[in-house]
Each structure stands twice: as C-alpha cells, then as structure tokens.
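The residues making up each chain are set out below.
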Number of protein chains: 2
Amino acid sequence: MSLYVKVKPPFREAAEELERAFRTRSFVLVIGTCKVDYEGRASSTLDLGERLVIIKQDGSVLVHRPVGYEPVNWQPPKCMLKVNFEDSDSLTVTAARLEPRETVSMEFRDIAVMATCNLKDAGEFALHVTEAQMKEAILAVPELVEQGLRPLQEEKSLGEAGFTDIYAEDSAGNLVVVEIKRNPATKGSLTQLKRYIDTIRKRTDRPIRGIVVAPDLRKSAQPLLHKLQLEYVMLPPERCLVVLKGRKETKLSEFLS
Amino acid sequence: MSLYVKVKPPFREAAEELERAFRTRSFVLVIGTCKVDYEGRASSTLDLGERLVIIKQDGSVLVHRPVGYEPVNWQPPKCMLKVNFEDSDSLTVTAARLEPRETVSMEFRDIAVMATCNLKDAGEFALHVTEAQMKEAILAVPELVEQGLRPLQEEKSLGEAGFTDIYAEDSAGNLVVVEIKRNPATKGSLTQLKRYIDTIRKRTDRPIRGIVVAPDLRKSAQPLLHKLQLEYVMLPPERCLVVLKGRKETKLSEFLS
DNA sequence: CCTTTCAGTTAGTTA
DNA sequence: TAACTAAGTGAAAGG
C-alpha cells in the first residue's frame, strides 16, 4: 500500500499532493479546519470547524463532523475534483458532478493531518438473513410457518397486484398466501397481502388464508390484522439462520456421502 | 487540537492508544487490513481487505471501503467500545449497542496508519430551500403559484387526513389547496393532495382546485394529474431563493430606515 | 416514548 | 435509462 502521511503540511505541499492523488485516483484523508458549501438539489452552508474529509478512489466525497453517523456534506461516486490554492491562507477543494448538477466545495483554513494511499479491498461482503433467505428457509422448512404447510410455487404472478412471497396449501386444503417481512410487519404489509388475496379470490373459489411472517408485528398493525382477517406468524431471523446453516450442512453431508 | 498520528504502530501500542482514545472520547481513524463481522437486526461478514475505520467522539463507528458513498459496516452513536489484543497477529475492536442489541467487531491484521484527536466543531450548518422555505416564499409572493392567489391560512387542520401546505383563494373565488414538494412530485404527492380535497369537499360546497407546486413532476405521475383533476405548477428552488433573499433585503432596509 | 414521515436519501433491481 | 422499491436505512417531527 503506497502511503503518504503528513502532519501539518503547508498548503503548497498539500495542494500538490492532492493534485497527485486525484490524478492517480487515490484515497484521501484530511483532518482540518474548513467551511463547506453545497449547491445542487438543495443548498447548504457549514461554518468553520474541525472535520474529517474523505475522498475515495471512485471520486466520492464525505465530510464528517466529530459526531453523528451521517456525513454533514457529501458527493456520490464519480465526481470531478479540483484543487484551488491561490492565497496563502486557504486551500479549496471542489467536487462537482453533473446529473444532477451539484457542487460541494471545502475551504480549508488549516490542515492538521493529511494522508493519501491506495487501498486494495477485494474482501467479499455478505449480508445474511435477507428476505430472500427467510423465504429460502421457509421453503426448506415450511413448519417454520405452520405444521403441514406445502409450498406450491415460489412467486405467483398476479399481474399488477404484485408478487406474493410464498403460495402454498395447508393441511386442510386451503390456499395460503405467505407474505415475508424481514422487519416488523406494518399496516402496509397487511394491506399489501390483502390486495394479493383479493386478486386471487377473483380467480378461484377455494378458501384462502393470508399469513404475514415477520420477526415482529407493529402494535399499530394489530387491529388491521383482525379487520382484514389475516394471520401473523412470528419468525426471528436467528431461526432462519439455524435452518439455513443446517441445510448447508445437510448439503455438505450429502456431498460427502 | 490534541493529535496522535502513527504509521505502522505495533498492535500493543495501537491497543493502548485505542484504550486511551475510547476513555477520553476521542476521534479515531484507522487505515488497515481487517475483517468485519456484524450481528444484530441482520448479520454480515466482510472478508479481509484494506479499509478506513472511523470511531467518532459520540461512539459512532464507520467502516469504509475504498469506494462507495455508504459505509459497509457501521454503528450509530452511543455504542460501547472495547479493544481486544491477545495474540500478536491481530487486534480486535468491538462496538456494541443495546436496543437493538447489535455488535460490530473489526479484527485488524495490519494497521497502516492510526490517528486520534479531539475535533472541535461548533460551525453552524444550514440547509437552504427546504419545503418550509418554499412555503415561506409562496406566502410572501403568491404569484409564484398564480396571479391573484390569496393565501387564507398556512395549514388547515383536516383531522386524520393530514395537513395541507397552503390553503388559499383564487381570483375567481375558488378555494385552492396548494401542496408543496421540494422534490419532483410523485403519484403519492397527488393522491395525498386528492385526499385533502376530498375531505374539504365534505365541509363546503365551494368549488375547490388542487395545485401541486414542485420543481418537477414525475412522468409517471402525469396521467394521475389529469385523472384526479389536479394542477401542477413548476417552481424551481432558485426562484424561491431569489424571493427569500429579496424579502430579507426588504426587511433589512425596513430596519435601516 | 412510540409512531410516522422524510431524505441533497443511496443503492439495487427490473421494465 | 428510467422508474420502483428496499435499507442493519438514519433522523426529525408529531402524538
């Protein structure tokens, strides 16, 4: 990893290093005192203060204050970068993008530390227990929802009404529409499921049940659950993990046998 | 600004400095090779790679890859931090929070640079041309929407139907409900306005017009505009700025005279 | 404190 | 490319 680190670089040196970094698409960190202006979809001003500025290898820009999760100002990837160093008491970096036309400019009055480098990161990122994985788990072990449930097809196209998550039959022969939510089910989840069911009812006379499967049900959605005659089954993500893990191990053992 | 910067600190030194930084609620930067695990609402794994880790003075944590606007892993403010340095070939930082119970742990295999400091940032942040400011501009200069428009009251309470943005009368004596959107108006904006109007219609026999004021109208919303018998007036944020600026200058001149 | 809505949302997926 | 939808959404506003 190429690396440049300098405490209190003079503006002239900082400007040259920034030019070099932008040219070579390097990762840039600046801790310093600056004010920031943004002009675009909205516009904002940020008075002088000490912040961390990050300019990434894809041209995205982040201005972070000492607290808070979100950047106070930013620019998405692929924006054009320019350094401006004229008078000796300030150095300005401008990040512009078209579509939409937006500009963030950072005027530094002082630079405490500056670092540039080329980060190499090919590590794979995996987010587990997505809605798709919950579905996978349920299809593998339908008992997660109900004893005797038999999935019919993964997603039944319902035209403009959208898609169901799982379409199944219960032990009594009723049709069952299962709506999966990774987050606590809301009123929206219920009305969505209700729409699915109404659409299906027009095509068949078989009795239909609607089940919302989620780790939780918002209290505000509870009255609607009864009003729409739907059912709710609690399914914590951990249980899905167990099933998916078990399935993988099963697959492995099958492979080994 | 107190400042510690070290290139390639040994893990032992890094661990001590991290302990000190966490204790004193300092701002921490680490550029290094790490893998990251997250466990909470969902769970994720991130294999080894070079990243920037930020730990802020309020206990928020950000793990940034060399590209992309968003952090690949994070932790919101106020989480508990712990350093773990046992074997000599890795150093682990764990950030945990309750409610919801979530944990991010970063295992460093190599630290290229580490910096800690105390950032002081009292600079005021101001986001201009919000929806409220568009409203302010329209109330000051109703012609921005239509010649002869006379605002009646800022927000008319409509019970559960929500709030209108501006309630007015046009030159022909019709009631006018103005819905302001800072962003391009969507189908949702139109149905929302329609709900307002339907609610008002139950209380009066006067003819009512509905106008959506926004910088743009989504193409997908156009058919609905006609179907719901609503009107659309384009209002770019710049024009609001001009009005607000003018108003401020007027105020100033009033003050000076 | 809980719920709802908004965001300079961003990011991914699909028509 | 444009429109739609989800997010470990986060953050603010309202009840």
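The structure under discussion appears in the preceding block.
Throughout what follows, the structure given in this document is the object of discussion. (Residues numbered from 1 in each chain as written. Chains lettered and ligands numbered in written order. Predicted model: local features only at pLDDT ≥ 70, side-chain atom pairs only at ≥ 80, totals over all residues. Heavy atoms only, no water.)

1. What about the state of the cysteines?
Throughout this description, disulfide means a covalent bond between two cysteine sulfur atoms. Under the criterion given, the structure shown has zero disulfides over all chains. For the unlinked cysteine B:Cys34, the closest cysteine sulfur is that of A:Cys117, found at 13 Å. Unpaired in this structure, B:Cys79 has its nearest cysteine sulfur neighbour in B:Cys34, at a distance of 16 Å. (Disulfide = S-S within 2.5 Å.)

2. Topic: the protein's contact with DNA strand D
DNA strand D sits among 16 residues. The nearest are A:Arg182, A:Asn183, B:Asn73, B:Trp74 and B:Gln75. Residue B:Arg41 places a side-chain N or O atom 3.1 Å away from a phosphate oxygen belonging to DNA strand D. No other element matches strand β5 (residues 73-75) of chain B, which puts three residues into the surface near DNA strand D. (Near = heavy atom within 4 Å. Polar contact = N/O pair within 3.5 Å; in protein donor to acceptor, adjacent residues only side chain to side chain. Helix = DSSP H or I, 4+ residues; strand = E, 2+ residues; numbered from the N terminus.)

3. Thoughts on a nonpolar patch on the surface
Residues A:Met1, A:Leu3 and B:Val7 make up a contiguous nonpolar surface patch of about 220 Å² in total accessible area. Locating A:Leu3 in the fold gives a position in strand β1 (residues 3-7). (Patch = residues over 30% accessible without salt bridge, like charges linked within 9 Å, V, L, I, M, F, W, Y side chains within 5 Å. Areas by Shrake-Rupley, 256 points an atom, 1.4 Å probe, with all protein chains shown as cover. Salt bridge = Lys/Arg side-chain N within 4 Å of Asp/Glu carboxyl O.)

4. Some points on the interface of chain A and chain B
The partner chain B presents 56 residues to the 55 residues of chain A that form the contact. With both sides pooled, the region where chain A packs onto chain B buries about 4,700 Å², and carbon together with sulfur makes up 62% of that total. Considering only the side of chain A, the residues that lose the most area to chain B are A:Glu50, A:Pro66 and A:Tyr69, jointly responsible for 15% of the buried surface there. Taken together, chain A and chain B are joined by four salt bridges. Elements represented by at least two residues in the side of chain A that touches chain B include exactly β1, β2 (27-39), β3 (43-55), β4 (61-64), β5 (73-75), β8 (102-117), β9 (125-128) and α5 (237-256) of chain A. Among the elements that line the side of chain A that touches chain B, the one with the most residues is β3(A), at eleven residues. Looking at the side of chain A that touches chain B residue by residue, the classes come out as 31 nonpolar, twelve polar and twelve charged. Relative to strand β9 (residues 125-128) of chain B, β3(A) is paired through four bridges, and the arrangement is antiparallel. In the strand pairing of β9(B), A:Thr45 is matched with B:Ala126. (Contact = heavy atoms within 4.5 Å. Buried area = accessible area lost by both parts, 1.4 Å probe. Nonpolar A, V, L, I, M, F, W, Y, C, P; charged D, E, K, R; others polar. Pairing = 2+ DSSP bridges.)

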